[in-house]
Structures are given as structure tokens and as C-alpha cells.
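# A look at the structure
In case you want the letters, here they are:
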Amino acid sequence: MRYKQENMVKVYVHDNKSGIDYRESHNSGTELSLDELAQLGVIYKYCATEAEVDEIAKERQYKNRDVVDIHQGSFKNETDFNEKLAMFYKEHLHEDEEIRYCLEGTGYFDVRDASTPENWVRCRVEPGDLLILPPGIYHRFTLTSSNHIKALRLFKDEPKWQAINRSTQADSLPVRKDYLSQINQY
Ligand code: KMT
Ligand code: NI
């Protein structure tokens, strides 16, 4: 049995420095607690086993799942790999929750803090870390410099799964407005 305290996801404000590979840590030095993360509507859980993930899936009625294994070797060539990473790193939202459970490797989930909209809050996930991003939150994903993650993606029966890139149109979607009103930023 591993202990939550030792395996707690690392959460901090991104330094917003451009010109440095986005797989670097970009740690501004300002850390957030899990409570502060929860104020953005993002739920973190450490699940020592997949059985614990199954419990959450059951509670939330997630019936389907798949595994993504993202590393250079899973792509035809470097261009395809880089294109995929660029796609994951585009700021977007979904009309449904995004649940991810890290099985192997590491990754960064960046979420926007609506109270300081220029800020990204970066969550560095490791094996055992599960994140639930609420519908309507702007976010993006990337690998760390170790260039590998294997993650479980949970889906409901009819997932509203398209990524909707940030735009004024996306800003005016009901799901975005609902999200902002839930976190009292409306
Ligand atoms: C997403 O929606 O950005 C992803 O699914 C990223 C890959 S999950 C590690
Ligand atoms: Ni997403």
C-alpha cells in the first residue's frame, strides 16, 4: 500500500515562459493545495489500484474506457508524434468531464484558473494519479521530458467528447457559463 501523502500530485502555477520546450516543468514556484485545485472544480484522487478507479467509474456511471500509450514509438514518425502533442496542447474544453488515470510514465495537465485567466495551473501526474476535469474548464495536456505516458481514459455511454478549442464562441457555450457559475466566476 502506498500512501497518499507521498504520492500526491504536484500542482503549481505555470511560469508562462515561452521559447522553452513545453515538456519542461515550467514551475513558477507557486504551489497549489488540493483544496485550491478543487476550487477550480478539478478533483484529484490517488488510486493505488485499478479497482479503486473501477469504484469511481461505477459511482459516476462511466461504462467505457480505453488506454492511450503516448510515446514516440507509438507514432509512424516524429512529425506525427509532434503533431499529436501539439493537438493535446491546444487550449480546449469539453461538454463532458475528462477523467484520466495515469498507469505509467508522467504527464502535465494544465488547467486555466478563471480568477487569473492568464495563469495555467499545472498538474504533474504520475502512476496512481487520477484527475477529473469538470465540463467547461479550459485545459491542455502534454508529456513531461521523459516523453511517455500510459493512461486510462474513462468514457460515459454517449461521450460528448469533441475538443472545442478556445474561442469567443466556446466562451459563450452553456457548458462554459455553467462551469463559471459553479466556481463563482460569472
Ligand atoms: C486529452 O483530452 O487531452 C487527452 O486525452 C490527453 C491524453 S490523456 C493522457
Ligand atoms: Ni481535453
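To start, this report covers the structure provided alongside it. (Residues numbered from 1 in each chain as written. Chains lettered and ligands numbered in written order. Predicted model: local features only at pLDDT ≥ 70, side-chain atom pairs only at ≥ 80, totals over all residues. Heavy atoms only, no water.)

### Some words on the overall build of the protein
Helix and strand content of the protein: five helices and 12 strands. In terms of overall dimensions, the protein is globule-like: its C-alpha atoms have a radius of gyration of 16 Å, near the 16 Å expected for 186 residues. A principal-axis box enclosing the C-alpha atoms of the protein has dimensions of 40 × 40 × 35 Å. By residue count, 41% of the 186 residues in the protein fall in the buried class. The distance from the centre of the 25 positive side-chain charges to the centre of the 32 negative ones in the protein is 2 Å. (Helix = DSSP H or I, 4+ residues; strand = E, 2+ residues; numbered from the N terminus. Rg over C-alpha atoms; globule rule 2.2 N^0.38 Å. Buried < 20%, exposed > 50% of the residue type's maximum accessible area, 1.4 Å probe, protein only. Lys, Arg positive; Asp, Glu negative; His and termini not counted. Charge placed at Lys NZ, Arg CZ, Asp CG, Glu CD.)

### Considerations on the packing of aromatic side chains
Under the counting rule described, the total for this entry stands at four aromatic pairs. Between the aromatic rings of tyrosine 22 and tyrosine 89, the centroid separation amounts to 4.1 Å while the plane-to-plane angle is 25°, which identifies the pairing as stacked. Here the residue tyrosine 22 occupies a position in the loop between β1 (10-14) and β2 (27-31), and tyrosine 89 occupies one in the loop between α3 (78-88) and β5 (92-93), the gap between them amounting to 67 residues. Judged by relative accessible area, which is 26%, tyrosine 22 ranks as partly exposed. For tyrosine 89, a relative accessible area of 14% gives the class buried. (Phe/Tyr/Trp six-rings, centres within 6.5 Å; stacked < 30°, edge-to-face > 60°.)

### Section: the pattern of salt bridges
Applying the stated rule across the entire model yields 14 salt bridges. Between glutamate 31 and lysine 10 there is a salt bridge, with the nearest N and O atoms lying 3.2 Å from each other. Separated by 21 residues along the polypeptide, glutamate 31 in strand β2 and lysine 10 in strand β1 bring together distant segments of the chain. A salt bridge links arginine 124 to glutamate 126; the shortest N-O distance between them is 2.8 Å. Each of Glu50, Asp54 and Arg65 takes part in one network of salt bridges that share partners. (Salt bridge = Lys/Arg side-chain N within 4 Å of Asp/Glu carboxyl O.)

### Considering the pairing of strand β7 (residues 107-112)
Walk down a regular strand and you will see the side chains alternate between the two sheet faces. A large share of β7 lies buried, amounting to six of its six residues. Burial along β7 is two-sided: Gly107, Phe109 and Val111 facing one way and Tyr108, Asp110 and Arg112 facing the other are all buried. Two strands pair when backbone bridges link them, and β7 and strand β8 (residues 120-125) are joined in this way by six bridges, in the antiparallel orientation. Among the inter-strand pairings, glycine 107 is bridged to a residue of β8, identified as valine 125. Judged from the five bridges that link them, β7 and strand β10 (residues 139-143) form a sheet pairing that is antiparallel. Along β10, the bridge assignment pairs valine 111 with histidine 139. (Pairing = 2+ DSSP bridges.)

### Considering the site of ligand 1
In the region of ligand 1, the neighbouring residues are Ile70, Phe88, Glu98, Arg100, Phe109, Phe141, Ala151 and Arg153. In this structure, glutamate 98 approaches ligand 1 through a side-chain N or O atom, which is 3.3 Å from an oxygen atom. Contact between ligand 1 and arginine 100: an oxygen atom at 2.9 Å from a side-chain N or O atom of the residue. Here ligand 1 loses 96% of its free accessible area of 300 Å² to cover by the protein chains. For the shell around ligand 1, the elements supplying multiple residues, two or more each, are β6 (98-105) and β11 (149-155). When the residues that make up the shell around ligand 1 are grouped by side-chain class, the tally is five nonpolar, no polar and three charged. (Near = heavy atom within 4 Å. Polar contact = N/O pair within 3.5 Å; in protein donor to acceptor, adjacent residues only side chain to side chain. Areas by Shrake-Rupley, 256 points an atom, 1.4 Å probe, with all protein chains shown as cover. Nonpolar A, V, L, I, M, F, W, Y, C, P; charged D, E, K, R; others polar.)

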